[in-house]
Amino acid sequence: MELRQLQYFITVCEELHFTKAADRLGISQPTLSQQIKVLEDELSTPLFDRIGKKIRITEAGKLLQQYSTQMLRDLQNAKMSIAELQINQRGTLRIAVLPSDLDYRMGAIWIAFHQLFPNVRLEIVPTIEIHDMVIEDKVDIGIGLSGVLDRRMVQVPLSTETYSLFVPSGHALTQRAEIELEELLQLPLILYPVGFVGRKLIDDCFQSKGWKVQTLMDNGSAASQLQLVKAGIGFSIHPHALLEDLPDDQLIAIPIVNDAPVRSIELLHRTDRYMSVAAQMFIELIQKHFAHNTKSL
């Protein structure tokens, strides 16, 4: 059994069509069929059921697909590890981050990482599909809201953040040490649009009490929301930690009491993925960043 044959086999599994798989591999269809037949003869079992022009993976084929995929991933990890030694920490590190204040707060991390690894290209992917992008190997690391435990991934808790009301300095509300959740219903709020993760978390919090949030303005940019608050247009709701990352004397964060919105943040990556020295250092930087801000609250 050769690696080349396994690569051919996996391509057929993905395409479920010999001609399409052969075109993708750049070989003739008879050559591909012959190599699959060699595999089947070696294993003494069919890997595909052939029904006219259509094919279906057999149970034996599904087992081989599972183990072949892992074998090829392990080989790729080994190649990456060796290449890393040879090219002195080059390449690309792909990071998926929620497209909200979480991305907005990461500037210091991107700068610190670049200073440590100037030859490594950072690719920041704003997305709400962080779990899927990590599982599908589209990114190396994800940073987002904590989810259900998944044995395919390493999930590292980073912080639990309580939301506060953001008001402009000088406003009468800044004299308050705290504010009730119900009081927010009477305020002109500037929030993320419906469909954003941060907005859903806030909406769910109010809906659990039978209340519906009415907004003055929906705005998909954390930076823009804060500018509008400072201009006295309205108020916004964000994790209190936002002001720890981006101190601003024109803004005051008032803690919300009686069931304030809360979110938990985690870092995740595939359990079977090779983590370069650069990736490991990035994880360490993120953990230190959140640990510092959690202690300072």
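Right above here is the structure, for reference.
Draft legend 1. Broad picture of the overall build of the chain. The secondary structure content of the chain amounts to eleven helices and twelve strands. What you see for the chain is a C-alpha radius of gyration of 25 Å, clearly larger than the 19 Å of a compact globule of 297 residues, by over 25%. Oriented by its inertia axes, the alpha-carbon framework of the chain measures out at about 80 × 45 × 30 Å. Looking at the 297 residues of the chain, the share that counts as buried comes to 43%. A separation of at least 24 residues holds for 75% of the contacts in the chain among residues at least 6 apart in sequence.

Draft legend 2. Representation of the side chain of Gln 5 in the model. Structurally, Gln 5 can be placed in helix α1 (residues 3-15). Apart from residues lying up to four places away in sequence, Gln 5 is in contact with Gln 35, Val 38 and Leu 39.

Draft legend 3. Inspection of the packing of aromatic side chains at higher detail. Here the structure, examined in full by the defined rule, presents seven aromatic pairs. Aromatic side chains Trp 110 and Phe 282 sit 6.0 Å apart centroid to centroid with 5° between the ring planes, which places their arrangement in the stacked category. Here Trp 110 is found in helix α6 (residues 107-116), whereas its partner Phe 282 is found in helix α11 (residues 277-296), with 172 residues between them in sequence. By the burial criterion, Trp 110 is buried, and Phe 282 matches it. Here Phe 206 and Trp 211 contribute two aromatic rings whose centre-to-centre distance is 6.3 Å and whose plane-to-plane angle is 50°, an arrangement assigned as tilted.

Draft legend 4. Just the environment of Ser 169, in detail. Along the chain, Ser 169 falls in the loop between β6 (153-168) and β7 (179-180). As a C-alpha pair, Ser 169 and Asp 248 span 79 residues in sequence and 9.6 Å in three-dimensional space. Of the polar contacts made by the side chain of Ser 169, one reaches the backbone oxygen of Asp 249; its length is 3.4 Å.

Draft legend 5. Just the side chain of Asn 219, in detail. On the secondary structure map, Asn 219 appears in the loop between β9 (215-218) and α9 (222-230). What makes Asn 219 buried here is its relative accessible area of 13%. Within polar-contact distance, the side chain of Asn 219 engages the side chain of Ser 224 at 2.9 Å. Apart from the residues lying within four places of it in its own chain, the contact partners of Asn 219 are Ile 190, Leu 191, Tyr 192, Pro 193, Ser 224, Gln 225 and Leu 228.

The rules behind these values
- Residues numbered from 1 in each chain as written.
- Predicted model: local features only at pLDDT ≥ 70, side-chain atom pairs only at ≥ 80, totals over all residues.
- Heavy atoms only, no water.
- Helix = DSSP H or I, 4+ residues; strand = E, 2+ residues; numbered from the N terminus.
- Rg over C-alpha atoms; globule rule 2.2 N^0.38 Å.
- Buried < 20%, exposed > 50% of the residue type's maximum accessible area, 1.4 Å probe, protein only.
- Contact = heavy atoms within 4.5 Å.
- Phe/Tyr/Trp six-rings, centres within 6.5 Å; stacked < 30°, edge-to-face > 60°.
- Polar contact = N/O pair within 3.5 Å; in protein donor to acceptor, adjacent residues only side chain to side chain.

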